[in-house]
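Notes for the structure review
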Amino acid sequence: MALSDRGAAIATAPTRGDQLKHVALYPLDWLEERSGLVGGIKYFLFRKVPRDTSWFHTLGSATLTAFLVQAITGVVLAMYYKPDPETAYASIQFITNDLTLGWLVRGMHKWGASVFIILMFFHMARVFLFGAYKYPRELNWIIGVLLLAMGMLEGFTGYLLPWDQTAYWATVVGINLNGTAPVLGPFLAQFLSGGAEIGSDTLSKFYSLHMLVIPGAIIGLIVLHLYLVIRLGVTSPPWSDEAAGRDRGEPPPPKGGRRGLTQPKPRGANGQ
Ligand code: HEM
């Protein structure tokens, strides 16, 4: 090898740091090459958002965090809870008084349920006040309404599970209220109680709805919700220059760069 070539080879030889980096990133590279997942996550985390987003825009993520806390603590509770009228109350007592940190997990799940619902309302209020439900985000608002309904149902079905006096009578009231709805009411009440009175069939039905059906629906709806948030981008506050239709004095996004995947235009634009 000529001396000059040898010099070039030495100059381009990877340093120990480069080698370590390559080894450390190898699993990620492996995954990326086969799935594109890393690029997708990077796009999600580093996508462009309007410059004037504020703390108000964190309420959706706060709601998501509250839901994840409910999901994790719920899985732990499901390991010890027994959905049977003979044993349900005793299993709750066991979790609260005897299980290591059981009181904490149960407390987080119980109070977290209220936090989840309250945050959902705050997030919905933010979306409403910012006019973020308008074109082209109507579908995401509708998905949000379904999420709200599912969240409330989750609270209703979970309330019965401790099988104490409060749980029992609150459910009697809830089912009777549903029974007064026009046309569908009696069928709904019959479906929920699962028989002539509230008993073991009601409890297992509520348990299945509470830990399988409704969380599954919520997860599916959240995936759709977030897909639309990424696709459409988030709205600027109503007081921002962009919302008022004024030039924000920013350089235009580079070709291919965008705030969301679509740039909302008023209906009728493009001669449609
Ligand atoms: C499990 C419940 C929910 C979760 C986890 C959730 C999550 C999120 C997140 C992370 C965002 C983007 C950031 C933000 O704007 O805060 C968002 C945006 C949005 N959410 Fe929700 N959300 C939930 C419930 C709702 C409800 C109840 C509504 C209304 C009925 C709603 C309507 C919207 C709309 C229209 C947007 C777009 C806002 C914009 O473009 O500025 N969401 N949501």
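Figured I'd write up the structure that's included with this text. (Residues numbered from 1 in each chain as written. Predicted model: local features only at pLDDT ≥ 70, side-chain atom pairs only at ≥ 80, totals over all residues. Heavy atoms only, no water.)

1. Considering the coordination of the iron atom of the ligand
- The protein atoms that coordinate the iron atom of the ligand are His123 (NE2) and His225 (NE2), at distances spanning 2.0 to 2.1 Å.
- Seen from the iron atom of the ligand, its six donor atoms lie at angles of 86 to 179°, and the figure they make is octahedral. Within this pair, whereas histidine 123 is found in helix H6 (residues 102–129), its partner histidine 225 is found in helix H10 (residues 200–232), the two being separated by 102 residues in sequence. Note on accessibility: histidine 123 and histidine 225 belong to one class, buried. (Donors = N, O, S within 2.8 Å, 3.2 Å for Na, K, Ca; no water. Tetrahedral: all angles 85-135°; square planar, octahedral: opposite > 155°, others 65-115°. Helix = DSSP H or I, 4+ residues; strand = E, 2+ residues; numbered from the N terminus. Buried < 20%, exposed > 50% of the residue type's maximum accessible area, 1.4 Å probe, protein only.)

2. Thoughts on the nonpolar core
- Membership of the largest hydrophobic core comes to 19 residues, with the highest contact counts inside it found for Tyr81, Leu161, Trp163, Ile175, Leu203 and Phe206.
- Elements with a minimum of two residues in this core: helix H5 (88–97), helix H7 (138–160), helix H8 (165–179), helix H9 (185–193) and H10.
- Non-local contacts of phenylalanine 206, meaning those with residues more than four positions away in its chain, are made with Phe156, Thr157, Leu160, Leu161, Thr171, Ile175 and Leu192.
- In this structure, Leu147, Ile218, Leu221 and Leu228 belong to the second largest nonpolar core, which totals 16 residues. (Core = buried A, V, L, I, M, F, W, Y, C linked by side-chain atoms within 4.5 Å. Contact = heavy atoms within 4.5 Å.)

3. Quick word on the site of the ligand
- Taken together, 25 residues are adjacent to the ligand, and His57, His123, Arg126, His225 and Thr235 come closest.
- Separating an oxygen atom of the ligand from a backbone N or O atom of histidine 57 is a distance of 2.9 Å.
- Here an oxygen atom of the ligand sits 2.5 Å away from a polar atom, N or O, in the side chain of arginine 126.
- Residue assignment for the shell around the ligand shows that the elements contributing at least two residues are helix H4 (59–80), H6, H7 and H10.
- A breakdown of the residues in the shell around the ligand according to their chemical character gives 13 nonpolar, 10 polar and two charged. (Near = heavy atom within 4 Å. Polar contact = N/O pair within 3.5 Å; in protein donor to acceptor, adjacent residues only side chain to side chain. Nonpolar A, V, L, I, M, F, W, Y, C, P; charged D, E, K, R; others polar.)

4. Details of the packing of aromatic side chains
- Counted according to the given criterion, the structure contains 10 aromatic pairs.
- Taken together, a centroid distance of 5.0 Å and an interplanar angle of 80° make the contact between tyrosine 168 and tryptophan 169 edge-to-face.
- The ring of phenylalanine 191 is capped by lysine 205, whose NZ or CZ atom sits 4.3 Å from the centre of that ring. (Phe/Tyr/Trp six-rings, centres within 6.5 Å; stacked < 30°, edge-to-face > 60°. Lys NZ or Arg CZ within 6 Å of the ring centre and 35° of its normal.)

5. Section: the side chain of histidine 225
- Given a relative accessible area of 15%, histidine 225 falls into the buried group.
- Each residue touching histidine 225, except ones within four places of it in the same chain, is listed here: His123, Asn140, Ile143, Gly144 and Leu147.

6. Observations concerning the environment of arginine 34
- Turning to its location among the elements, arginine 34 is positioned in helix H2 (residues 16–35).
- Among the polar contacts listed, one links the side chain of arginine 34 to the backbone oxygen of tryptophan 30, at a separation of 3.0 Å.

7. Digging into H10
- Between its terminal C-alpha atoms H10 stretches 46 Å, which fits the 48 Å expected from 33 residues at 1.5 Å a residue.
- Along H10, the sharpest kink reaches roughly 40°, centred on leucine 209.
- Downstream of H10 by one or two residues, glycine 233 has phi in the positive range, about 80°. (Expected span 1.5 Å × (residues − 1). Bend = angle between axes of the 7 residues up to and from the residue.)

8. Quick look at H8
- Across its 15 residues, H8 extends 21 Å between first and last C-alpha, which sits within 8% of the 21 Å expected from 1.5 Å per residue.
- Among the residues making up H8, those that are buried are Ala167, Thr171, Val172, Gly174 and Ile175.
- Tucked into the core, H8 has its buried residues touching H7, H9 and H10.

9. Let's talk about the environment of glutamate 154
- Along the chain, glutamate 154 turns up in helix H7.
- Separated by 61 residues in the primary sequence, glutamate 154 and proline 215 place their C-alpha atoms 7.7 Å from one another.
- With near-sequence residues (within four places) excluded, glutamate 154 lies in contact with Leu209, His210, Ile214 and Pro215.

10. Description of unusual backbone geometry
- Cis geometry marks the peptide bond from tyrosine 135 to proline 136, where omega comes out at 5°.
- The residue proline 136 is located in the loop between H6 and H7 in this model.
- With a phi close to 60°, leucine 101 is a non-glycine residue in the positive phi region.
- Here leucine 101 shows up in the loop between H5 and H6.
- Its relative accessible area of 47% is what places leucine 101 among the partly exposed residues.

11. Remarks on the packing of H4 against H6
- As a packed pair, H4 and H6 sit with axes 8 Å apart at the nearest point and diverge in direction by 155°. Judged by the angle between their axes, H4 and H6 are roughly antiparallel. Here H4 and H6 pass one another in a crossing that is left-handed.
- The residue inventory of the contact of H4 with H6, partitioned by class, reads 15 nonpolar, eight polar and two charged. (Axes fitted to C-alpha atoms, helices over the stretch in contact; angles between N-to-C directions. Parallel < 35°, antiparallel > 145°, perpendicular 65-115°, else oblique. Left-handed = near helix turned anticlockwise from the far one by under 90°.)

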